[in-house]
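# Structural description and commentary
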Amino acid sequence: MTRDIKLVDVTLRDAHQCLWATRMTTAMMQDIAPRLDRAGFEAIDLVGGAVFDVMVRYLKEDPWERMRILNRWVTETPLIIHTRGQSLFTFEFFPDDIVELAAERFAANGMRYHTPYDPLNDMRNLEIPVKAAKQHGLHVVGGLVYTYSPVHTDEYFARKAKDLLALGVDGIFLKDASGLLRPERVATLIPALKAVMGDTPLQIHTHCNSGLAPYVVLQAVEHGVDVVHTATSTLANGVSHSPTELVTQNLRRRGHTVDIDLEPVSEAAERLAFIAKKEGKQIGAPREYDEFHYHHQCAGGMVSNLAYQLESMGLEGRLNDILEEAGHVRQELGYPIVVSPFAQYIVTQSILNVMGRDKGKPRYETVPDEVRLYVKGGYGEIAGNIDPNLYDKITRGAEPITDRPGALVKPAIKRLRDTRGPFDSDDDLLLAAFYDDKTYRELKDAGPIVTDYTLGRTPLVTLIKGIAERDDIRTFHFIQKNLPAKETA
């Protein structure tokens, strides 16, 4: 059955997070965003997760200011704010009053579309984010995080979808951060979700880690998915998402209607290629299928970072040992989903186990506090079972935590105003809630975001800007060639 299929663009958030280590500046977006705005996407993914954090810590750009700037450049398409539910943009849980204030500021800064998710699929951690966002008029599409394990069955995901719907979301997106979905699983999982969702739209957000995603999204549509997340081709593939251009063409060839204008998308792709070359950044390329990926399930960017970190620790050549151990740690810890922060916790525990084993020590001899808190239930519901002996060893016999994690965190707004205020705005108060005073001050001292970039509106403007940036050129001559009439027609 042919249908009308919509696309969500992830170029300005998740795509560069995957391929450029989240280093796309606001200035780089100036010539890209208006083109994506004209293309006809259901929404454009902009800020969230690592993007918020990298902007503050490394780019020294205020994320709230980026939201306001992009609202001037994108006027037709809703912009998406993406959060880790009760954790917002970090690895720690925030009190309900901070989460509620954040939703208010999302709306105030022009965000119209919210996509919260919880890394453990504990929907208690989405209660406040969803409720607060809806109160401020945001369109809310809740995340259902996919993983491959014996306990994450179709019945599990259908049950979690019901929990999400009970919160009042406007839609659900199936978040496959490590690109684990395979065509045969789509054939059973998507119908199971649609059976409980009815007319509520289902979106698919899957990465190309296994090389299967461009085909998986087509099959997902055949089985009932309504919206596909894609990236402009320059920043697609690799560990990013399926290319907008290819997905659109393939869906149309299968008879579906996709109301996307590919001309401005092509223009954006050309400009992104220019930026990539100028900045020395990679562009996406298809990946080969690797069965080992389904054992450790770590995202590609994390694997490359891990290899570098192991080398600096004197553990070069041990990458596969660590990844092999990661698969076993994940199983023993009840199959946490390999997304932040649990991806980092699993890998850290795996390194400690391997290093300990090298010294003749038993596994789990050293355990990070974050892993102890997870095992006790401090982050939420654990999908699988943890051996009682391992539980006691890790937690030292502590009682499990059964309360909603956010409810255990004390309100923070009054304390922040008293100890670190006054603030010029609630946006600044939230920055202070997320970051220590040093990081906060460095961001504020950096001043307004610079939006000018070498890339100009015409090739001539781009040339002049590029020359102006070079210290080794003091003068240049511009000669206009008089073309024959047939060349200028």
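Preceding this section is the structure that the text describes.
Residues numbered from 1 in each chain as written. Predicted model: local features only at pLDDT ≥ 70, side-chain atom pairs only at ≥ 80, totals over all residues. Heavy atoms only, no water.

## Looking at the pairing of strand 5 (residues 139-145)
The cut-off we apply is this: Remark: exposure states derive from per-residue accessible area (1.4 Å probe, protein chains only) relative to the maximum for the residue type, with buried under 20%, exposed over 50%, and partly exposed in between. Secondary structure elements follow DSSP: runs of H or I of four or more residues count as helices, runs of E of two or more count as strands, with numbering from the N terminus. Here, a strand pair is defined by DSSP locating no fewer than two bridges between the strands. Orient the strands so they point away from the viewer; a crossover is then right-handed if the path from the first strand over the helix to the second runs clockwise.
The element strand 5 is largely enclosed, with a buried count of six among its seven residues. Bridging between strand 4 (residues 113-116) and strand 5 involves two bridges; their strand directions are parallel. Counterpart to H114 in the pairing with strand 5 is V140. For the crossover that starts at strand 4, traverses helix 7 (residues 127-135) and ends in the parallel strand 5, the hand is right-handed. Where strand 5 lies against strand 6 (residues 171-176), five bridges are found, and the strand directions are parallel.

## Things to note about unusual backbone geometry
Omega for the bond connecting S340 with P341 falls within 30 degrees of zero, at 5°, which places this linkage in the cis form. Along the chain, the position of P341 falls in the loop between helix 15 (319-332) and helix 16 (342-358). The step from G421 to P422 runs through a cis peptide bond, and the omega angle for that step is 0°. For P422, the location among the structural elements is in the loop between helix 19 (413-420) and helix 20 (426-434). In this structure, T22 is a non-glycine residue whose phi angle is positive, near 70°. By the element assignment, T22 lies in the loop between helix 1 (11-19) and helix 2 (26-29). Phi at N121 takes a positive value of approximately 60°, unusual for a residue other than glycine. Mapped onto the secondary structure, N121 falls in the loop between strand 4 and helix 7.

## Here's the deal with the packing of aromatic side chains
Our working rule: Pairing of aromatic rings covers Phe, Tyr and the six-membered ring of Trp, with a centre-to-centre limit of 6.5 Å; geometry is then stacked below 30 degrees between planes, edge-to-face above 60, and tilted otherwise.
As enumerated under the stated definition, the model contains 19 aromatic pairs in all. Measuring from centroid to centroid gives 5.8 Å for F342 and Y345, while their planes differ by 85°, and the two rings are edge-to-face. Linking F342 with Y345, this pair stays in helix 16, spanning three residues, or about one helical turn. The pair F342 / Y345 is uniform in exposure class, with both members buried. Chaining the aromatic ring pairs together yields one cluster made of F52, W64, F89, F94, F106, F434 and Y435.

## Overview of the packing of helix 20 against helix 21 (residues 437-445)
What counts here: Here an axis means a line fitted to C-alpha atoms, over the contact stretch when the element is a helix, while the angle between two N-to-C directions is reported on a 0 to 180 degree scale. Here the word oblique covers every angle except those under 35 degrees (roughly parallel), over 145 (roughly antiparallel) and from 65 to 115 (roughly perpendicular). In this scheme the handedness of a crossing depends on how the near helix is turned from the far one: anticlockwise by less than a right angle means left-handed, clockwise means right-handed. When checking whether two residues touch, look at their non-hydrogen atoms; a contact exists if any pair is within 4.5 Å.
Interaxial distance between helix 20 and helix 21 falls to 8 Å at its minimum, and their mutual angle equals 140°. Taken together, the axes of helix 20 and helix 21 lie oblique to each other. In the crossing of helix 20 with helix 21, the sense of the turn from one axis to the other is right-handed. For the pair formed by helix 20 and helix 21, the contact residues are D428, L431 and A432 on the first element and Y440, L443 and K444 on the second.

## Some details on the nonpolar core
What counts is decided by this rule: Put simply, a nonpolar core is a bunch of buried Ala, Val, Leu, Ile, Met, Phe, Trp, Tyr and Cys residues held in one set by side-chain atoms that sit within 4.5 Å of each other.
Core analysis: the largest hydrophobic core is formed by 102 residues, its most contacted members being L12, F52, L70, I98 and F434. The contact partners of F52, leaving out residues within four places of it in the chain, are V47, P63, W64, M67, F89, L431, F434 and Y435. The next biggest cluster of nonpolar side chains, apart from the first, holds 32 residues, and it includes F93, L306, L310 and L323.

## What to know about a negative patch on the surface
This is how it is decided: The residues that make up patches have over 30% relative accessible area and no salt bridge, and they are joined within 9 Å when like-charged or within 5 Å when they are Val, Leu, Ile, Met, Phe, Trp or Tyr. Here the open area of atoms and residues is found with the Shrake-Rupley method and a 1.4 Å probe, where only the protein chains shown may cover a residue. Every case where a carboxyl oxygen of Asp or Glu lies within 4 Å of a side-chain nitrogen of Lys or Arg is listed as a salt bridge. Think of it this way: Lys and Arg go in the positive column, Asp and Glu in the negative one, and His and the chain ends go nowhere. Lysine's charge is taken at NZ, arginine's at CZ, aspartate's at CG and glutamate's at CD.
A cluster of acidic residues, D4, D259, D261 and E263, forms a negative patch at the surface. Along the chain, D4 turns up in the segment before strand 1 (6-9). By relative accessible area, which is 60% here, D4 ends up exposed.

## Quick notes on the pairing of strand 6
Within strand 6, six of the six residues are buried, which leaves it mostly tucked inside the rest of the structure. The alternating pattern of strand 6 places G171, F173 and K175 and I172, L174 and D176 on opposite faces, both of which are buried. The parallel pair strand 5 and strand 6 is bridged by helix 8 (residues 154-166), and the resulting crossover is right-handed. Direction of pairing for strand 6 relative to strand 7 (residues 202-206): parallel, over a ladder of five bridges. Paired with K175 across the strands is H205, a residue of strand 7. Note that the unit made of strand 6, helix 9 (residues 183-197) and strand 7 has a crossover that is right-handed.

## Re the sheet that holds strand 2 (residues 43-48)
Sheet strands pair via backbone hydrogen bonds, and the direction of the pair is either parallel or antiparallel. Pairing within the closed barrel is parallel, and its eight strands lie in the order 1-2-3-4-5-6-7-8. Geometrically, the sheet is characterised by an average inter-axis angle of 30° between neighbouring strands, direction not taken into account. Relative to the sheet, helix 8 contacts strand 5 and strand 6, its axis offset from that of strand 5 by approximately 160°.

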